[in-house]
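Okay, here's what each chain looks like letter by letter:
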Amino acid sequence: MKFGTFIFSTAMAAIMSGCGQQTKSEGETTMKAGISKESWGNVDNDSVYLYTLTNAKGTVVKITNYGGIVTSFVTEDKAGNKSNIVLGFDSLAGYLEKPPYFGALIGRYGNRIGDATFTLDGKEYKLAANNGKNALHGGLKGFDKVVWTPTVMNDTIPTLMLSYMSKDGEEGYPGNLKVMVHYTLTNDDELKIEYSATTDKATPVNLTNHSYFNLTGDVNNTILGHTLMIAADHYTPVDTTLIPTGEIKAVKGTPFDFTAAKPIGKDIDSVPGGYDHNFVLNNKDGSLQKVAVLADSVSGRTLEVYTTEPGLQFYTGNFLDGKFTVNGTPVKYRTALCLETQHFPDSPNKPEFPSTILQPGTTYQSTTIYKVVK
Ligand code: BGC
């Protein structure tokens, strides 16, 4: 069952479909900001659409209500050439092949829960072990594989709201969880993602977006030459199955020190398997703060990440192996990276970590912004 009202009619789509180029005066062009919509197929007898959000600069973000997936984020490089800086397919079929969460909304619990088990209020909950013995990214059919109910909220500062009702017991989690995600594309080239959720039983919740970035706009290139700054003095070391040991370790003097920008490839070979770790952000008070800056000097693009979350999963595409192809190019090892804002992995089993338990009567809220500057 889904909730929310589907108010966006075909007639409105026709009215708002004029996201084209407009000439303001001689020699000066702007884009008309807006949202357009096209049919993209069906999943589970529900209609799937692709929404195109365009801002006044002509930056375009495409989002489907299947998995809440960001399928494309097209921005200009320093020479004014446009290209897509995230991994995505141009049809639904690619996503039904279950790529590793390309662009998707992740839930009910982003990243891993150890031994696919947690205990809450004295009761043990068993989840599907879909990553070795652990649970990963919400289970066999997480929020990345469900059809969300879409509502266009605003067409001048394009905002798409997606809602989903995750039933009590779905993927083993307790409580009916009502989830809302607002995606907004601002005229400052910010993709703003606002998450909220309520429940009728206590449950773990940890929502994120799993976009894979390559700022060169070409997945033939690796991301090892991008530079990265992460405002984190600590990270959470992991065991061989990528479950945090519980330790909060200082990054200083380790390959995990990104407090000053450095090329991702600089120390990656000293990290077994590559980076796939949760960084403990210095941002402790839940306010929206700039926590990471990714840059590619060749294209001149920079991506700034802002969040209210205490953690950031930095994943360097270590499991990409060429199995999936985008625009005719196999997506190979380390040709894209994720900066997933989150609470820490395995928090339901780590009382020392910030709590991820949502109680009835309270509201989960989280905001993340991916801002492209050049
Ligand atoms: C995880 C990786 C995983 C990737 C794709 C990341 O969030 O930390 O270990 O391979 O998602 O599933």
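Source: prediction; values computed, not measured. Within any chain, residue numbers begin from 1 and follow the written order of that chain's sequence. Note on the predicted model: pLDDT of at least 70 is required for a residue's local features to be given, and 80 or more for side-chain atom pairs to be given and counted; whole-chain, interface and lining totals, by contrast, use all residues. Side-chain numbers here rest on the full set of heavy atoms in the structure, without hydrogens or water.

A. Here's a closer look at the UniProt feature "binding site: beta-D-galactose" (unreviewed entry) in the protein. Per the UniProt entry, the sites bearing "binding site: beta-D-galactose" (unreviewed entry) are Asn111, Arg112, His210, Ser211, Tyr212 and Asp276 in this numbering. Runs of E in the DSSP output that reach at least two residues are strands. Runs of H or I that reach at least four are helices, and both are numbered from the N terminus. Residue position: Asn111 is located in the loop between strand E8 (104–106) and strand E9 (112–113). Here, residues are in contact when the closest pair of their heavy atoms is within 4.5 Å. Excluding its chain neighbours within four sequence positions, the residues that come into contact with Asn111 are Ala135, Leu136, His137, Gln313, Gln342 and Pro345. The residue His210 is located in strand E18 (residues 208–210) in this model. Exposure is judged per residue with a 1.4 Å probe applied to protein chains only, and the accessible area is read against the type maximum: over 50% gives exposed, under 20% gives buried, and values in between give partly exposed. The class for His210 is buried, based on a relative accessible area of 3%. UniProt positions are given in the numbering used here, feature names are shortened, and annotations may be inferred rather than shown by experiment.

B. Quick look at the site of the ligand. The environment of the ligand is made up of 13 residues, and the closest members are Asn111, Arg112, His210, Asp276 and Glu340. The term polar contact refers here to a pair of N or O atoms within 3.5 Å; inside protein, the definition further demands a hydrogen-donor-capable atom paired with an acceptor-capable atom, and it admits residues adjacent in sequence only when both atoms are side-chain atoms. Within the contact set of the ligand, an oxygen atom lies 3.0 Å away from a side-chain nitrogen or oxygen of Asn111. His210 has a polar side-chain atom sitting 2.7 Å from an oxygen atom of the ligand. Methods summary: accessible areas were calculated by the Shrake-Rupley approach with a probe of 1.4 Å, and residue burial reflects only the protein chains presented. Notes on the ligand: free accessible area 310 Å², of which the protein chains cover 95%. The residue classification treats Ala, Val, Leu, Ile, Met, Phe, Trp, Tyr, Cys and Pro as nonpolar and Asp, Glu, Lys and Arg as charged. All others, Gly included, are polar. Considered class by class, the residues forming the shell around the ligand number six nonpolar, four polar and three charged. The criterion for a residue being near a molecule or strand is simple. One of its heavy atoms has to lie within 4 Å of it.

C. Structural detail: the sheet that holds strand E7 (residues 82–84). The strand order across the open sheet built from five strands is E3-E4-E5-E6-E7, with neighbouring strands paired in antiparallel fashion. In this open sheet, the two strands that pair with only one neighbour each are strand E3 (34–43) and E7. Strand after strand, the sheet turns through a mean of 15° between neighbouring axes, direction not considered. Strand direction decides the pairing type here: strand E4 (residues 46–54) and strand E5 (residues 60–64), joined by five bridges, are antiparallel. Looking at E5, one finds that Thr54 is bridged to Val60. The pairing criterion is simple: DSSP has to find at least two bridges between the two strands. Think of each axis as a best-fit line through the C-alpha atoms, taken over the contacting stretch in the case of a helix, with angles from 0 to 180 degrees between the N-to-C directions.

D. Broad picture of the pattern of salt bridges. A side-chain nitrogen of Lys or Arg and a carboxyl oxygen of Asp or Glu constitute a salt bridge if their distance falls within 4 Å. Enumeration over the complete set of coordinates arrives at nine salt bridges. A salt bridge links Asp44 to Lys141; its shortest N-O distance comes to 2.7 Å. Within this pair, whereas Asp44 is found in the loop between E3 and E4, its partner Lys141 is found in the loop between strand E12 (135–136) and strand E13 (149–154), the two being separated by 97 residues in sequence. Take Asp44: its relative accessible area is 48%, and that puts it in the partly exposed class. A salt bridge links Lys201 to Asp168, with the shortest nitrogen-to-oxygen separation between them at 2.6 Å. One end of the pair, Lys201, is in the loop between strand E16 (190–199) and strand E17 (203–204); the other, Asp168, is in the loop between strand E14 (159–166) and strand E15 (177–185), with 33 residues separating them in the sequence. Taking the relative accessible area as the measure of exposure, Lys201 reaches 40% and is therefore partly exposed. According to the relative accessible area criterion, Asp168 is partly exposed, its value standing at 35%.

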